[in-house]
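Here is what each chain is made of, one letter per residue.
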Amino acid sequence: GAGVSQSPRYKVAKRGQDVALRCDPISGHVSLFWYQQALGQGPEFLTYFQNEAQLDKSGLPSDRFFAERPEGSVSTLKIQRTQQEDSAVYLCASSFSGRGRKLYEQYFGPGTRLTVT
Amino acid sequence: GENVEQHPSTLSVQEGDSAVIKCTYSDSASNYFPWYKQELGKRPQLIIDIRSNVGEKKDQRIAVTLNKTAKHFSLHITETQPEDSAVYFCAARGTASKLTFGTGTRLQVTL
C-alpha cells in the first residue's frame, strides 16, 4: 500500500515568510508525528496527534510553529516568520495505534527540506 | 525526559565482517526500541525493533539485543554488504508516545 507522503519535497523561503508543510499518513493510521532533522543529526520530536487531537506539542521550538490535523487524517505543519535556524528536514511519521505486533511502529515520510535564505 | 546516546559515530568495516552499534537510554520506563536505516536524502527506514519484554530479536543478518538492567541496546549486522552502508539511528519510546533518537552512526562497508 501507499506509504506516508509529504509535500512539498523542497521549499525555499525568504526569512520572514510563512510556510506550510503537508503530511498524508498511511491510511488507517491513527497516530501522526512531526520531527525535525537538522543536517547530520537524528530526528527530534516536534508534536504528536492521535486522530485530530494534538496530545503533545512539547517539542515545538517556538510559538511560530503550529500544527493541525482537523479531520484526523492529513496534517499541516505551519511555520510563521521563518528564521534561518528553521532550515532543516521536516519528517512526518504515522503509526497504527491498534493492538498487535505493529503497535508503536512509526513509518516515516520522505520529508520536506526547508531552506530559509 | 528521555536521553539516548549512540556510539560510535562512524564505523568502517570490510565486506563480510560484522558491525555493532550501541545505544544507552536514560528513562527506565522506556518500552520500545527501534532501529532505523537512513540513506543519503532518503527517509528513515525501520529495519528492526525490540520491546522491553524481550532480550534479543533476530531477522536474517540483523539482530538487536536489549539489557534493561543496564539500559542499553545494540544492533548487530553480520556478513556486511556494501548496500548496508548508511546512517543508522537507534531510538527509544518512553512514557510519551514519541521516539527519542540517538545521534546516528555512519556505517561504511568497504570492498
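Above this text is the structure in question.
Quick summary incoming for the structure in this document. Worth saying up front: this structure is predicted, and the values here are computed from it rather than measured.

### Thoughts on the environment of Thr82 of chain A
Residues and elements named next belong to chain A.
Right, so step 1: When you line up the elements, Thr82 lands in the loop between strand S8 (75-79) and strand S9 (88-95).
Right, so step 2: Take Thr82: its relative accessible area is 0%, and that puts it in the buried class.
Right, so step 3: When the C-alpha atoms of Thr82 and Lys57 are compared, they prove to be 19 Å apart, with 25 residues separating the residues in sequence.
Right, so step 4: If near-sequence neighbours (up to four positions away) are discounted, Thr82 is found in contact with Ala13, Lys14, Arg15, Gly16, Gln17, Val19, Arg64 and Val116.

### Regarding the nonpolar core
Right, so step 1: Counting residues in each nonpolar core, the largest one holds 23 residues, and the members touching the most others are Trp35, Phe73 and Leu107 of chain B.
Right, so step 2: Sorting the residues of this core by element identifies strand S2 (10-14), strand S3 (19-25), strand S4 (32-38), strand S5 (45-51), strand S7 (62-67), strand S8 (72-77), strand S9 (86-93) and strand S11 (105-110) of chain B as the ones contributing at least two each.
Right, so step 3: Grouped together as the second largest cluster of nonpolar side chains are 20 residues, Trp34, Phe49, Cys92 and Val116 of chain A included.

### Considering the sheet that holds strand S1 (residues 5-7) of chain A
All names here are of chain A.
Right, so step 1: Ordered by their spatial adjacency, four strands build an open sheet running S1-S3-S8-S7, and the pairing between neighbours is antiparallel. The sheet is open, and its two edges are formed by S1 and strand S7 (65-68), each paired on a single side. Ignoring strand direction, the axes of neighbouring strands in this sheet form an average angle of 15°.
Right, so step 2: Two elements, S1 and strand S3 (residues 19-24), share three bridges in a ladder whose sense is antiparallel.

### So, the pairing of S11 of chain B
Residues and elements named next belong to chain B.
Right, so step 1: Of the two faces of S11, the one lined by Thr105, Leu107 and Val109 is fully buried and the one lined by Arg106, Gln108 and Thr110 carries no buried residue.
Right, so step 2: Of the strand pairs in this sheet, S2 and S11 are connected by five bridges, and their pairing is parallel. Within the sheet, the bridge partner assigned to Val13 lies in S11 and is Val109.
Right, so step 3: When S9 meets S11, the two strands line up antiparallel, connected through three bridges. If you follow Ala86 over to S11, its bridge partner there is Leu107.

### A closer look at the interface of chain B and chain A
Right, so step 1: With 19 residues of chain B in contact, the opposing surface of chain A contributes 25 residues.
Right, so step 2: When the two sides are added together, the surface that chain B and chain A hide from each other amounts to roughly 1700 Å², 53% of it contributed by carbon and sulfur.
Right, so step 3: Applying the counting criterion to the chain B and chain A interface returns zero salt bridges.
Right, so step 4: Across the chain B-chain A interface, the total number found is seven residue pairs in polar contact (both at pLDDT 80 or more).
Right, so step 5: Mapped onto the side of chain B that touches chain A, the elements with two or more residues apiece are S4, S5, S9 and strand S10 (99-101) of chain B.
Right, so step 6: Its residues assigned to classes, the side of chain B that touches chain A shows eight nonpolar, six polar and five charged.

### With respect to the side chain of His29 of chain A
Residues and elements named next belong to chain A.
Right, so step 1: For His29, the position within the fold is in the loop between S3 and strand S4 (31-37).
Right, so step 2: At 3.3 Å, the side chain of His29 forms a polar contact with the backbone nitrogen of Ser95.
Right, so step 3: When neighbours within four sequence positions are excluded, His29 is seen to be in contact with Arg69, Ser94, Ser95, Phe96 and Tyr107.

### Description of the packing of aromatic side chains
Right, so step 1: Inspection of the entire model under this criterion finds 15 aromatic pairs over all chains.
Right, so step 2: Consider the rings of Tyr25 of chain B and Phe73 of chain B, whose centres lie 6.0 Å apart with planes at 55°: the pair is tilted. Remark: Phe73 of chain B occurs in strand S8 and Tyr25 of chain B occurs in strand S3; sequence separation between them is 48 residues. Accessibility assignment for this pair places Tyr25 of chain B and Phe73 of chain B in one class, buried.
Right, so step 3: Taking the centre distance of 5.6 Å and the plane angle of 70° together, the rings of Trp35 of chain B and Phe73 of chain B count as edge-to-face. You can see Trp35 of chain B sitting in strand S4 and its partner Phe73 of chain B sitting in strand S8, a full 38 residues away along the chain. When sorted by exposure, Trp35 of chain B lands in the same class as Phe73 of chain B, which is buried.
Right, so step 4: A network of ring pairs unites the aromatic residues Phe33, Tyr35, Phe45, Tyr48 and Phe108 of chain A together with Tyr36, Phe89 and Phe101 of chain B as a single cluster.

Calculation notes
- Residues numbered from 1 in each chain as written.
- Chains lettered and ligands numbered in written order.
- Predicted model: local features only at pLDDT ≥ 70, side-chain atom pairs only at ≥ 80, totals over all residues.
- Heavy atoms only, no water.
- Helix = DSSP H or I, 4+ residues; strand = E, 2+ residues; numbered from the N terminus.
- Buried < 20%, exposed > 50% of the residue type's maximum accessible area, 1.4 Å probe, protein only.
- Contact = heavy atoms within 4.5 Å.
- Core = buried A, V, L, I, M, F, W, Y, C linked by side-chain atoms within 4.5 Å.
- Pairing = 2+ DSSP bridges.
- Axes fitted to C-alpha atoms, helices over the stretch in contact; angles between N-to-C directions.
- Buried area = accessible area lost by both parts, 1.4 Å probe.
- Salt bridge = Lys/Arg side-chain N within 4 Å of Asp/Glu carboxyl O.
- Polar contact = N/O pair within 3.5 Å; in protein donor to acceptor, adjacent residues only side chain to side chain.
- Nonpolar A, V, L, I, M, F, W, Y, C, P; charged D, E, K, R; others polar.
- Phe/Tyr/Trp six-rings, centres within 6.5 Å; stacked < 30°, edge-to-face > 60°.

Limitation: the analysis is restricted to geometry and does not speak to function.
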